Amino acid sequence: VVIINGEDLIQGILSNSIASALDAPILYVNKDVIRDDVKEELTRLNPKNVYILGGSANVSDNVLNTIKTEYGIEVTVQEAKWDVVDTTGSWTKQ
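Please read all numbers here as calculations on a predicted model, not as lab measurements.

Draft legend 1. Structural view of the sheet that holds strand β3 (residues 49–54). Ordered in space as β2-β1-β3-β4, the four strands form an open sheet in which the pairing is parallel. The open sheet has two edge strands, β2 (26–29) and β4 (74–79), and neither has a second partner. Each neighbouring strand pair of the sheet contributes to a mean axis angle of 25 degrees, computed without reference to strand direction. Pairing analysis gives six bridges linking β3 to β4, with the strands arranged parallel. Bridged to isoleucine 52 within β4 is valine 77. Here helix α3 (residues 61–71) sits on the sheet and contacts β1 (2–5), β2, β3 and β4; the angle it forms with β4, its principal contact strand, is near 155 degrees.

The rules we used
- Residues numbered from 1 in each chain as written.
- Predicted model: local features only at pLDDT ≥ 70, side-chain atom pairs only at ≥ 80, totals over all residues.
- Heavy atoms only, no water.
- Pairing = 2+ DSSP bridges.
- Helix = DSSP H or I, 4+ residues; strand = E, 2+ residues; numbered from the N terminus.
- Axes fitted to C-alpha atoms, helices over the stretch in contact; angles between N-to-C directions.
- Contact = heavy atoms within 4.5 Å.

Okay, structure coming up:
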């Protein structure tokens, strides 16, 4: 699962290629809160890994910690980068 801040257009564009390479769905959160519908989807999908795009500038540590503690999911955070090729390439190699 790829998680991004749904209010960030750039991260939204980047997330499509990353999610495609990982064959993963994209879930949109607010910076500081995971909406109930996203929580339900995390429960339904029961992923082993979640990839958060944009780092704490776009998705807060509160959201990251909630995913780790409430769902026991391993979280990988990709800090925000302006180099689209580098950002996408580094994720698809994992």
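Additional details are given in the paragraphs that follow.
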